[in-house]
Amino acid sequence: MIGLLGKKVGMTTIFTDDGRRVPVTVLEAGPCKVVQVKSPENDGYAAIQLGYEPIKPKKANKPLLGHFKKAGTEPFRKLKEFTVEDVSEKFEIGQEIKASDIFKEGELVDCTGVSKGKGFQGVVRRHKFGGGPKTHGQADKFRAPGSIGASSFPSRVVKGLRMAGHMGNRTVTVRGLKIMKILEDDNIILVKGTIAGPKGGYVVIRRSKKKAK
Amino acid sequence: MSDEIIKKVQSEYLKKDIPQFKAGDTVRVHLRIVESGKTRTQVFQGIVISRRGSGTDETFTVRKIAAGHIGVERIFPLHAKTIEKIEVVSRGKVRRAKLTYLRGRVGKAAKVKELRTAKKSSK
């Protein structure tokens, strides 16, 4: 699905014309440049590779620098490939894509970000377990997970059992977020709801597979 | 940088005709209410007991004693479009920003003294 690379700016509140108050995430979307165009003839599928956030040439490594040189664009910090479903949409190398080019207000988008890392967390925080009783002579099992399975049969712990471990810092996609507003000149889009990740975190914004109601 | 962008986003939604008021003041809040297709205005009058937040997120809490001596509090977003007008009825003389202590008080003790400015007292 065609989309854009961007950054999370933060969250705020806006008001709709019918008086409702809407929480929105402010995203800087693009502008991105097309670095590579993949066609069914050459590559077996149709896609475009977009670059976001220009960097100094000395910041990019040599193999990537060659890739950007071939495209004739400046080096970018982030590269991402988007499949092109609609063949009628034509893209050229070096073409700049802005938020207003591919998104419209009222449309739904899917946003992918990397959630904030929480480190190694116990089951109470990671999986919302209740923990043990806090009174009645309880001594040392306040936040313990409890039983993790039966004994002699099956003599092992079943796979996928929820336990303590690393939490956060994983790719999270939120689907079907409505675009409330696009500020064309600033490449800013306002999306209803929350998106994983810190302020300044990189976000992939795609046209949603869900349809607007 | 990111704060600037958010301020710019908010700027369109901020009202400019909001009167100055703070905790302790008595206000009349005129609300636009849409009921079965008809629009009417409802007034909520009471003491402002808190203001919090900034930009479009700013809200204020109004407390009034309704019929039957029941305390009613409503929290309004300051810049909400449903608020037609905010009228300041009187200024209160208070020494804190949040008047949560009013909740535990009944009758005369729950009153806020009126602030008398120099002009008024010279009369």
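Refer to the structure above for everything that follows.
The paragraphs below set out a description of the structure included in this document. Owing to the predicted nature of the structure, the values given are computational and were not obtained by experimental measurement.

To continue, consider the overall build of chain B. Scanning chain B for helices and strands turns up two helices and five strands. For chain B, the succession of helices and strands along the chain, N to C, is α-β-β-β-β-β-α. Dimensions of chain B, computed from the C-alpha atoms along their principal axes, are close to 45 × 40 × 30 Å. Put simply, of all contacts in chain B between residues at least 6 apart along the chain, 50% involve residues at least 24 apart.

This brings us to the pairing of strand β11 (residues 188–192) of chain A. Regular strands place side chains that alternate from one sheet face to the opposite one. Residue and element names in this part refer to chain A. When you tally the buried positions in β11, you get four out of five residues, the bulk of the element. Of the strand pairs in this sheet, strand β2 (residues 21–29) and β11 are connected by five bridges, and their pairing is antiparallel. When the sheet's bridge partners are listed, L27 is paired in β11 with I189. As defined by bridge partners, strand β10 (residues 171–183) adjoins β11 across four bridges and the pair is classed as antiparallel. Its bridge partner lying in β11, L183 is registered against I188. Joining the antiparallel neighbours β10 and β11 is a turn of four residues, in which N187 adopts a positive phi near 55 degrees.

Residue and element names in this part refer to chain A. The four strands lie next to each other as β5-β4-β3-β6, forming an open sheet whose pairing is antiparallel. Whereas interior strands pair on both sides, the edge strands pair on one side only; in this sheet they are β5 (76–83) and β6 (96–97). In the sheet, strand β4 (residues 47–54) pairs with β5 via seven bridges, with the strands oriented antiparallel. In the sheet register, Y52 faces β5, and the bridge partner there is K78.

Moving on: the environment of M180 of chain A. All names here are of chain A. Tracing the backbone through its elements, the reader meets M180 in strand β10. A relative accessible area of 19% means that M180 is categorised as buried. Expressed as a C-alpha distance, the spacing of M180 and E53, which sit 127 residues apart in the sequence, is 24 Å. Aside from chain neighbours lying at most four places away, what touches M180 is I14, T16, V22, V24, E105, L190 and K192.

Quick look at the interface of chain A and chain B now. The partner chain B presents 17 residues to the 18 residues of chain A that form the contact. In total, about 1500 Å² of surface goes out of reach between chain A and chain B, with carbon and sulfur atoms giving 62% of it. Residue D17 of chain A pairs with K81 of chain B through a salt bridge whose shortest N-O separation is 3.1 Å. Seen at the junction of chain A and chain B, the total is seven residue pairs in polar contact (both at pLDDT 80 or more). When residues of the side of chain A that touches chain B are traced back to their parent elements, those giving at least two are β1 (3–15), β2, β10 and β11 of chain A.

This part is about the packing of aromatic side chains. Scanning all chains against the criterion turns up five aromatic pairs over all chains. Residues Y52 of chain A and Y202 of chain A carry aromatic rings whose centres are separated by 6.3 Å and whose planes lie at 85 degrees to one another, so their mutual orientation is edge-to-face. Separated by 150 residues along the polypeptide, Y52 of chain A in strand β4 and Y202 of chain A in strand β12 (residues 202–207) bring together distant segments of the chain. Residue Y202 of chain A is classed as partly exposed on the basis of its relative accessible area, which comes to 28%. Aromatic pair F44 of chain B and F76 of chain B: ring centres 5.9 Å apart, planes at 70 degrees, arrangement edge-to-face. Placement of F44 of chain B in strand β2 (residues 38–52) and of F76 of chain B in strand β4 (residues 70–77) is noted, with a sequence separation of 32 residues between them. Among the aromatic residues, ring-to-ring pairing joins F21, F44, F60 and F76 of chain B into one connected group. Seen from the ring of F21 of chain B, R51 of chain B lies directly overhead, with NZ or CZ sitting 4.5 Å from the centre. Over the face of the ring belonging to F44 of chain B we find R74 of chain B, whose NZ or CZ atom lies 5.8 Å from the ring centre.

Together, K116, K118, R125, K128 and K199 of chain A give the surface a local cluster of positive charge. Position of K199 of chain A among the secondary structure elements: in the loop between β11 and β12.

This part covers a negative patch on the surface. A contiguous patch of negative charge on the surface is contributed by E96, D101, E184 and D185 of chain A. As for its position among the elements, D185 of chain A is in the loop between β10 and β11.

Our next topic: the sheet that holds strand β1 (residues 26–35) of chain B. All names here are of chain B. Judged by pairing direction, the sheet is antiparallel, and its five strands sit side by side in the order β4-β3-β2-β1-β5 without closing on themselves. Each end of this open sheet is capped by a strand with a single partner; those strands are β4 and β5 (83–90). Strand after strand, the sheet turns through a mean of 40 degrees between neighbouring axes, direction not considered. Relative to β5, β1 is paired through six bridges, and the arrangement is antiparallel. Residue pairing across strands places R28 opposite E87, the latter belonging to β5.

Calculation rules
- Residues numbered from 1 in each chain as written.
- Chains lettered and ligands numbered in written order.
- Predicted model: local features only at pLDDT ≥ 70, side-chain atom pairs only at ≥ 80, totals over all residues.
- Heavy atoms only, no water.
- Helix = DSSP H or I, 4+ residues; strand = E, 2+ residues; numbered from the N terminus.
- Contact = heavy atoms within 4.5 Å.
- Buried < 20%, exposed > 50% of the residue type's maximum accessible area, 1.4 Å probe, protein only.
- Pairing = 2+ DSSP bridges.
- Buried area = accessible area lost by both parts, 1.4 Å probe.
- Salt bridge = Lys/Arg side-chain N within 4 Å of Asp/Glu carboxyl O.
- Polar contact = N/O pair within 3.5 Å; in protein donor to acceptor, adjacent residues only side chain to side chain.
- Phe/Tyr/Trp six-rings, centres within 6.5 Å; stacked < 30°, edge-to-face > 60°.
- Lys NZ or Arg CZ within 6 Å of the ring centre and 35° of its normal.
- Patch = residues over 30% accessible without salt bridge, like charges linked within 9 Å, V, L, I, M, F, W, Y side chains within 5 Å.
- Areas by Shrake-Rupley, 256 points an atom, 1.4 Å probe, with all protein chains shown as cover.
- Lys, Arg positive; Asp, Glu negative; His and termini not counted.
- Charge placed at Lys NZ, Arg CZ, Asp CG, Glu CD.
- Axes fitted to C-alpha atoms, helices over the stretch in contact; angles between N-to-C directions.

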